[in-house]
Amino acid sequence: MKTSLLGNRIVMLAVALAALALGAACAHAAPLMFDVRSENRRVLLPGPGDGTIQIQVIAPDAPAIHTDRPRLNLALVIDRSGSMAEARKLDFVKTAAHHLVDMMGPDDLLSIVTYSQEVQIQSPSRPVGRDRVDLHRIIAGLYPGGSTFLSGGLEEGFRQAKAGRRKGTLNRVLLLSDGLANVGVINRGALRERAGDMAEKGISVSTFGVGNDFDEELMTMVAGGGGGNYRYLGDPERIVAALESEFHTASRTAASEVEIIIRLKRDCRFGSVLGRDWRRDGDAYVVRLGDLSAGERRTVFAKLNVAGERTGLREVGDVALRYRDPVTSRVVTASAKGVSLELVRDERIYREGFDRSVQEKRAVSEANVLVQEAARLADQGKKEEAKGVLGKAAAGLAAAPQSPAVRAEMDHAGRYKDSLDTMGDMSSESAKGAQKAIKYRAYETLQQR
């Protein structure tokens, strides 16, 4: 009797384990969640008809069914121009690259590309486990010298990532630079578009700015177009931690090639997206978010315009979400969520329609867009104009519902405004470092991670 009972339990356990194994083999990542809210659910007539919607996209903190992490396919693109010899920047990059090789699994794929005035394929895309010792030898042998052919390095990194791409791999180019692109394609817009082309082919681009002399606008635009991350590394010693963070972020990817798709009804117009790139695709407006790691969220503010003279509820359009499941490689399109606004003539009713939480977040984002603008003016020596823009940011924050986040942004904008008089020569190392840190903080805030 006991033997029979034990046998039955063993059979039941075997069935359960088989079901679990089958489930893991067929598992897919937990679906992304997204929420759409209006800053004000009403539009006042007569008036310009402007409105703002907040779109939040959230990646679950853990997959629905436990699965091993996706296989990584990384192309490490290293600037080895002459300036990388300063402050031992290339030495720190090499240390970080060694660490990256050690963290990667045997089946992960890695390629190493370097660029100065020329581009060199130091190691074509290949599984790390097969040649880990050789990869360490290649990294140890890198040396600085020459100009900065950034576009060439980016293109070759893309080719290597494309060559290493397999079904189910997460594909990313990691581009490091400490200077200005001065060979090949140097136009920021053109490089952003090229990174966008790469992202549309399933290969994202993350950028790492080292020191205080690189072009952060270029690096942020390339990362934005490429659906990846931008990281500012004023202290070269932070390179190791930054590459480690990028590795873990990629390892926990819950969804790749994430895009918000906005479609509007007739007589409704699209304005802009606050602090983010967007594109027109037929009748849709598309905002690329790139890859989302488990537990991450993105917040987007889109400005719309509603035409009309008649009061009442109006269907403005809908918002959908599209992304690729990193486990199955299938494209997922989440059900669209409708957006409706009520047109009213009573100003009191209009004021009652505001969502304070959305107001606060939008005000903080808008202030950081203005901080970035002020920083660009300050870089050009136009400090009085920069102060005027910072005053505009402070006024916008003062008009928003007061919260700890809003007050913190007001304090930050005020301190930055006061510091402009003490910075002195904007070409000094201290001023360049302060400016880059301010712009990076604004960038991180706008990402709404």
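Quantities reported herein were computed from a predicted structural model and do not represent experimental measurements.

Caption draft 1: View of the overall build of the protein chain. Of regular secondary structure, the protein chain possesses 12 helices and 16 strands. Computed over its C-alpha atoms, the radius of gyration of the protein chain comes to 25 Å, within 12% of the 22 Å expected for a compact globule of 449 residues. Seen along its three principal axes, the alpha-carbon backbone of the protein chain occupies a region of about 80 × 75 × 40 Å. Within the protein chain, contacts between residues separated by at least 24 positions form 76% of all contacts whose residues are at least 6 apart in sequence. For the protein chain, the accessible surface area stands at approximately 20400 Å², while carbon and sulfur atoms represent 52% of it.

Caption draft 2: Here's a closer look at the pattern of salt bridges. Evaluated as defined, the whole model comprises 41 salt bridges. Between Glu-39 and Arg-362 there is a salt bridge, with its nearest N and O atoms 2.9 Å apart. On the criterion of sequence distance, the pair formed by Glu-39 in the loop between strand E1 (33-38) and strand E2 (42-44) and Arg-362 in helix H9 (residues 356-379) is long-range, its members being 323 residues apart. We note that Glu-39, like Arg-362, is buried. The partner of Asp-61 in a salt bridge is Arg-252, with the nearest N and O atoms 3.5 Å apart. One end of the pair, Asp-61, is in the loop between strand E3 (50-58) and strand E4 (71-79); the other, Arg-252, is in the loop between helix H7 (239-251) and strand E10 (253-264), and 191 residues separate them in sequence. Take Arg-252: its relative accessible area is 43%, and that puts it in the partly exposed class.

Caption draft 3: Here's a closer look at the side chain of Lys-94. Within the fold, Lys-94 resides in helix H2 (residues 89-103). One buried charge, Lys-94, has no salt-bridge partner; the nearest side chain with opposite charge is Asp-91, at 4.5 Å. Apart from residues lying up to four places away in sequence, Lys-94 is in contact with Ile-139, Ala-140 and Leu-142.

Caption draft 4: Structural detail: the sheet that holds E2. Strand order in this open sheet of six strands is E2-E16-E15-E10-E13-E12, and the pairing throughout is mixed. Two strands in the sheet have a free side with no partner beyond their single neighbour: E2 and strand E12 (279-281). For this sheet, the mean inter-axis angle between neighbouring strands, taken without regard to orientation, is 35°. Where E10 lies against strand E15 (residues 312-324), seven bridges are found, and the strand directions are antiparallel. Along E15, the bridge assignment pairs Arg-263 with Asp-318.

Caption draft 5: Representation of the confidence of the model for the protein chain. Of the residues in the protein chain, 92% have a pLDDT of 70 or more, and the chain-wide mean is 88. Of all secondary-structure elements in the protein chain, the lowest mean pLDDT belongs to helix H1 (residues 2-25), at 34, while strand E5 (residues 109-115) reaches the highest, 97.

Caption draft 6: Fine view of the packing of aromatic side chains. Throughout the structure, instances matching the rule amount to 10 aromatic pairs. Centre to centre, the rings of Phe-270 and Tyr-285 are 4.3 Å apart; their planes meet at 10°, and the pair counts as stacked. Note that Phe-270 is positioned in strand E11 (residues 268-273) and Tyr-285 in strand E13 (residues 284-293), a separation of 15 residues in sequence. Judged by its relative accessible area of 13%, Phe-270 is buried.

Caption draft 7: Here's a closer look at the environment of Ser-403. With respect to the element layout, Ser-403 can be found in the loop between helix H10 (383-399) and helix H11 (404-419). For Ser-403, a relative accessible area of 9% translates into the label buried. Ser-403 sits 366 residues away from Arg-37 along the chain, and the two C-alpha atoms are 19 Å apart.

Caption draft 8: Fine view of the environment of Arg-37. Note on placement: Arg-37 falls in strand E1. Considered as a pair, Arg-37 and Gly-317 are 280 residues apart in the sequence and their alpha carbons are 13 Å apart. A distance of 3.1 Å separates a polar atom in the side chain of Arg-37 from a polar atom in the side chain of Asp-35.

Caption draft 9: Spatial organisation of the nonpolar core. Among the nonpolar cores identified, the biggest contains 33 residues, and Ile-55, Val-57, Val-258, Ile-260, Val-319 and Leu-321 are the most heavily contacted of them. Of all elements in the fold, only E1, E3, E10, E11, E13, strand E14 (297-306), E15 and strand E16 (331-344) reach the threshold of two or more residues within this core. Ranked by residue count, the leading element in this core is E10, at five residues. What Ile-55 contacts, discounting residues up to four positions off in sequence, is Phe-34, Asp-35, Val-36, Ile-260, Ile-262, Arg-298, Thr-299, Val-300 and Val-319. In this structure, Phe-92, Val-93, Val-101 and Phe-247 belong to the second largest nonpolar core, which totals 31 residues.

Caption draft 10: Molecular detail of the sheet that holds strand E7 (residues 169-177). Read from one edge to the other, the open sheet built from six strands follows the order E6-E5-E4-E7-E8-E9, with strand pairing classed as mixed. Because the sheet does not close on itself, it has two edges, and the strands there are strand E6 (119-127) and strand E9 (227-233). Within the sheet, the average angular offset between the axes of one strand and its neighbour, ignoring direction, is 15°. Bridging between E4 and E5 involves seven bridges; their strand directions are parallel. From the neighbouring strand, Asn-73 faces E5, where its bridge partner is Leu-109. Sitting on the sheet, helix H3 (residues 132-140) is in contact with E5 and E6, with an inclination near 165° to E6. In the packing of H7 onto the sheet, contacts are made with E4, E7, strand E8 (203-210) and E9, and the angle to E9 comes to roughly 160°.

Cut-offs used in this document
- Residues numbered from 1 in each chain as written.
- Predicted model: local features only at pLDDT ≥ 70, side-chain atom pairs only at ≥ 80, totals over all residues.
- Heavy atoms only, no water.
- Helix = DSSP H or I, 4+ residues; strand = E, 2+ residues; numbered from the N terminus.
- Rg over C-alpha atoms; globule rule 2.2 N^0.38 Å.
- Contact = heavy atoms within 4.5 Å.
- Areas by Shrake-Rupley, 256 points an atom, 1.4 Å probe, with all protein chains shown as cover.
- Salt bridge = Lys/Arg side-chain N within 4 Å of Asp/Glu carboxyl O.
- Buried < 20%, exposed > 50% of the residue type's maximum accessible area, 1.4 Å probe, protein only.
- Lys, Arg positive; Asp, Glu negative; His and termini not counted.
- Pairing = 2+ DSSP bridges.
- Axes fitted to C-alpha atoms, helices over the stretch in contact; angles between N-to-C directions.
- pLDDT = per-residue confidence, 0-100.
- Phe/Tyr/Trp six-rings, centres within 6.5 Å; stacked < 30°, edge-to-face > 60°.
- Polar contact = N/O pair within 3.5 Å; in protein donor to acceptor, adjacent residues only side chain to side chain.
- Core = buried A, V, L, I, M, F, W, Y, C linked by side-chain atoms within 4.5 Å.

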